[in-house]
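In case you want the letters, here they are:
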There are 2 protein chains.
Amino acid sequence: MSKNRLIYLPLGGAGEIGMNCYLYGYGPEGKERFIMVDLGLTFPDMDTTPGVDLILPDIEWIEKRRDRLDAIFISHAHEDHVGAVGHLWGHLKAPIYARAFTAHMARLKFEEHGHDELMIKTASAWPEMIKAGPFNVGFAPISHSIPESSALVIDTPAGRIVHTGDFKLDNNPGVGEAWNPELWADIAANGVKALVCDSTNVFSPLPGRSESTLPEPITELVAGAKGLVAATTFASNIARVKTLAVAGKNAGRSVVLLGRAMRRMITAGVETGILQDFPATVSPEDALSVPRDSLMLIVTGSQGERRAASAQLSRGKYLGLTLKEGDMFLFSSKTIPGNERSVGRIVNAFSEMGVDVVDDSSGLYHVSGHANRPDLAEMHRIIAPDFLIPMHGEHRHLREHVKLAAETGLSGVLAPNGTMVDISGKTPKVVDHVDTGRTYLDGAVLIGAMDGVVRDRIRMALNGHVLVTLIVEDDQPLGEAWCEIMGLPETGRSRAALVEVLEEDVTQFLMRAGRKTLADDDKLGDEIRRIVRNTANDEIGKKPEVTVVVSRLQG
Amino acid sequence: MSKNRLIYLPLGGAGEIGMNCYLYGYGPEGKERFIMVDLGLTFPDMDTTPGVDLILPDIEWIEKRRDRLDAIFISHAHEDHVGAVGHLWGHLKAPIYARAFTAHMARLKFEEHGHDELMIKTASAWPEMIKAGPFNVGFAPISHSIPESSALVIDTPAGRIVHTGDFKLDNNPGVGEAWNPELWADIAANGVKALVCDSTNVFSPLPGRSESTLPEPITELVAGAKGLVAATTFASNIARVKTLAVAGKNAGRSVVLLGRAMRRMITAGVETGILQDFPATVSPEDALSVPRDSLMLIVTGSQGERRAASAQLSRGKYLGLTLKEGDMFLFSSKTIPGNERSVGRIVNAFSEMGVDVVDDSSGLYHVSGHANRPDLAEMHRIIAPDFLIPMHGEHRHLREHVKLAAETGLSGVLAPNGTMVDISGKTPKVVDHVDTGRTYLDGAVLIGAMDGVVRDRIRMALNGHVLVTLIVEDDQPLGEAWCEIMGLPETGRSRAALVEVLEEDVTQFLMRAGRKTLADDDKLGDEIRRIVRNTANDEIGKKPEVTVVVSRLQG
């Protein structure tokens, strides 16, 4: 009989901010029982994933062992933690546990995918615990930018693990539970083996600020505005949405929620009882008959998403509502790195309309939902674990978090996605590297990141596409080759039409080509591709992608 | 005889940071004589300009009037001011004036394009002035992040214009001329009509810092490093490159310049006499025999450019040199908005190697080359123009700059690209809007931004591409349709091969199609496109781009 071991294996989230998915296993090697923490997604970009709708973790490793997966625990309802449950649960089929608000959001996803909603179980908060195989798991409330965020207290035969999920130290987060250091001292009182800890803000040197610092300046800003006021934030930041709505109400404005996610979140907040005293809202339709200077729009699209309400307002109108000279648009949000260009486009479009854009540069209208560097150090101190495992960060964040821990003598293990760490003993040991990666939701299909589909799209975007068709009858070309181009200039150096130059060179080749070449589709295709790429390079200085279609007739 | 007027017309740079190109005209309406200030470029991105090599201003308006263009003045040698002279000068043919260093860089571009280098004239600094039609233009030294930067003092029959170019108020810029408030007070003494002014840093609330604050912390950082040190900055920031090199030398390290732009810039600095006492460098080849802890690499690629030295080092090696655990990489630079993802990729790759990355977050290792908000206010005060024309900024920067001026009672005119402003009188008047835009250098070809070429590439990248070929003989389909896909998943909902499902649906349609449809290429193409898009949407949830090729045979 082999010895039991406790292992940690991140499948997503340790190497990026997004797409969280972590496994814990306990048992003899190769026979461990597993639990999963979080099953989130991340968002595509034009640089690396054009045309992709969503990016999900590659869960193949655990799918193959799903008979040993006892449960999935979701820490909170942000898309990078719960977003993939609809798309991927069918591959896993283990019960999902989450607190009421998170479970509600997960059930909406199950509904869309036709999964059995009874497989999502509503968990109570700590000190209640859920048994899942050899694990006992509790949802310990912790402050973050969405209600009912929880760190998971995972008790195992080898000791206690604290998996923070996303968190900050906020004594007064508005909506949701406050940071409670006594609770955490209590949880840690009998010793914690591993602190698996959010690393997002490890590079932010100052202590984090409380959500409660925002209502005053936001209220003041809205009260001082002359025209229509629109404000954006993440819809899931229910506390912020409420702050914005109350500021609008106090300024005597009618509050309008714009964007599907915004309405859905607030409805969920009300239905689950989390959100109380949310000001009355008016529909976009009714808003049309309210004077502009009595309107407060709260809209989706803080990251410049093309189809969100903010972007649509910046391009003209949204459900009949428009912005104009003298109006104000507030970003009660931070631009996530990589979204600067899309947010910039919106800001410039508003600038052209004469709309005053207010962003977070003053530091008055937004606070982060993640623990900053000194807050992380405080968490280390309170939990005092045997060791730290940084998660929820790009590689640089994880590495810096290990360094931060080292400053106070706490040892940390750098375990990016796919690193299997044996954490049975006092010192963590990397025991295996598992293939991980990304799965793309592309339209309605799940494809692997390495399938080449997206690579081909990027190539067409960079190089353009030439199609060559020709007919071969009895191994002789019938007529001339025909070229079509897409994404390429119509004329090049010779000033003749590019397609004509290409057709001429291909046709010349066909006239010279031997019967053996003409009889062999692969050879013919390769030769034509080479000719087209070289000719295009001479003409336009670019080597395009080339598709050759040979139709063979029997005479 | 119509009255003379003085006009201002930006063709680039007023609506973006980059691609600067401004026209001034004087004379009767429609018969003005022109000068151009700057002819720069900007850089493409995957979001909006995939596959494009460089973006240039659309100069068609002045090309059509080039017999009235008397001269082109280049304020300094940054690519966004001089970068398009090689590509576009052939369309203009007017003499180019620039100071020695800038002229040197422009001549290198002329050499590449085979233009007559004698058309680039080296100008002396203010108070010397150059006559160009009705204009007299002086190059007044002003501090910036590249040597010999100059504001242009443009004297016209209607008064004096000060066109700042890029500038900051730096009393001690290291290499290059210091900010000299007395000079500017002098230039402004007899009144300035218009201050046409850099707006880049209008959102930066604190006074700018001097280049001279950097040598001490950088020297300290390098002296304290244990392994190899590599540092990146813009190659054109010669003062910074020198600071880095001197820091390396003082720490007893051999200095290595990596990247073509880096070597080219430093060579130009030495050849033009601007750069003195630059430490001796060793070649990359010789560096291989120097101990790692005695090396200081100064490398290109501060913005994460894929092919630059920094990116190559992050992917493995560059000219045999590699980075590893314990080495340090310094970004003596700021990430330009939009480049966060590419810079992040490099930082994470270095993190995986165990290289310590130091960036500007401490505020110690980089200063901006542009005047901050209070510095702009100071410039307004010294020049005390009749009015301000903000330039060199996105729309939001220009708008904010007008607001800043208003705070001290200075009126400003918001004139984005294409806005023709009559500045003859005390108050500027917008008199026309001219079509402007962007020209793309795409491989070896110049294409218009609105040609649709890049739009098609983006569509292929987002939607994939389906090719349908069929043969029609005597208005009857010969055999079945043939489909090829590129950038699309191979199977969809039905689990059958996507191409087969598409071929079946197209073939079914062909069997049903009437002779009239089959005889009409356009109709046939439209119908097939519709079928392919619908079937693909059912199968994979995506509507691809479709190209249909019908080959017609006469039986």
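### Points about the domain arrangement of chain A
You can read the domains of chain A as domain 1 (4-206 + 368-448), domain 2 (215-362) and domain 3 (464-553). The straight-line distance from the C-alpha centre of domain 1 of chain A to that of domain 3 of chain A is 53 Å.

### A word on the interface of chain A and chain B
With 62 residues of chain A at the interface, the matching set in chain B holds 61 residues. Between chain A and chain B lies a buried interface of about 5,300 Å² when both sides are counted; carbon and sulfur atoms form 61% of it. In terms of surface lost to chain B, no three residues of chain A exceed Met46, Arg341 and Met486 of chain A, which account for 14% of the buried area on that side. Here chain A and chain B share ten salt bridges between them. For Asp45 of chain A, the salt bridge goes to Arg341 of chain B, with nearest N and O atoms at 3.5 Å.

### Describing the relation of the copies chain A and chain B
With an RMSD of 0.2 Å, the operation that places chain A on chain B is a rotation of 180 degrees combined with a shift of 0.1 Å along the axis. What the superposition gives is, in effect, a two-fold axis relating one chain to the other. In terms of proximity to the rotation axis, the leading residue of chain A is Ala461 of chain A, whose C-alpha is 2.7 Å off the axis.

### Overview of the sheet that holds strand β26 (residues 476-486) of chain A
Residues and elements named next belong to chain A. Taken in spatial order, the three strands make up an open sheet running β26-β25-β27, and their pairing is mixed. The outermost strands of the open sheet, each flanked by one partner alone, are β26 and β27 (545-553). Recorded for the sheet is a direction-independent mean angle of 15 degrees between the axes of neighbouring strands. For strand β25 (residues 465-473) and β27, the ladder comprises nine bridges, and the chain directions are parallel. If you follow His465 over to β27, its bridge partner there is Glu545.

### Some points on the environment of Asp53 of chain A
Here Asp53 of chain A is to be found in the loop between β3 (33-37) and β4 (54-57). When the C-alpha positions of Asp53 of chain A and Gly443 of chain A are compared, they lie 6.4 Å apart, and in sequence the two are 390 residues distant. Apart from the residues within four sequence positions on either side, Asp53 of chain A is in contact with Pro44, Leu441, Asp442 and Gly443 of chain A together with Lys542 of chain B. Here Gly443 of chain A takes part through its backbone nitrogen, which lies 2.6 Å from a polar atom of the side chain of Asp53 of chain A.

Calculation rules
- Residues numbered from 1 in each chain as written.
- Chains lettered and ligands numbered in written order.
- Predicted model: local features only at pLDDT ≥ 70, side-chain atom pairs only at ≥ 80, totals over all residues.
- Heavy atoms only, no water.
- Domains from an automatic or database assignment.
- Contact = heavy atoms within 4.5 Å.
- Buried area = accessible area lost by both parts, 1.4 Å probe.
- Salt bridge = Lys/Arg side-chain N within 4 Å of Asp/Glu carboxyl O.
- Least-squares fit on C-alpha atoms with pLDDT ≥ 70 in both.
- Pairing = 2+ DSSP bridges.
- Helix = DSSP H or I, 4+ residues; strand = E, 2+ residues; numbered from the N terminus.
- Axes fitted to C-alpha atoms, helices over the stretch in contact; angles between N-to-C directions.
- Polar contact = N/O pair within 3.5 Å; in protein donor to acceptor, adjacent residues only side chain to side chain.

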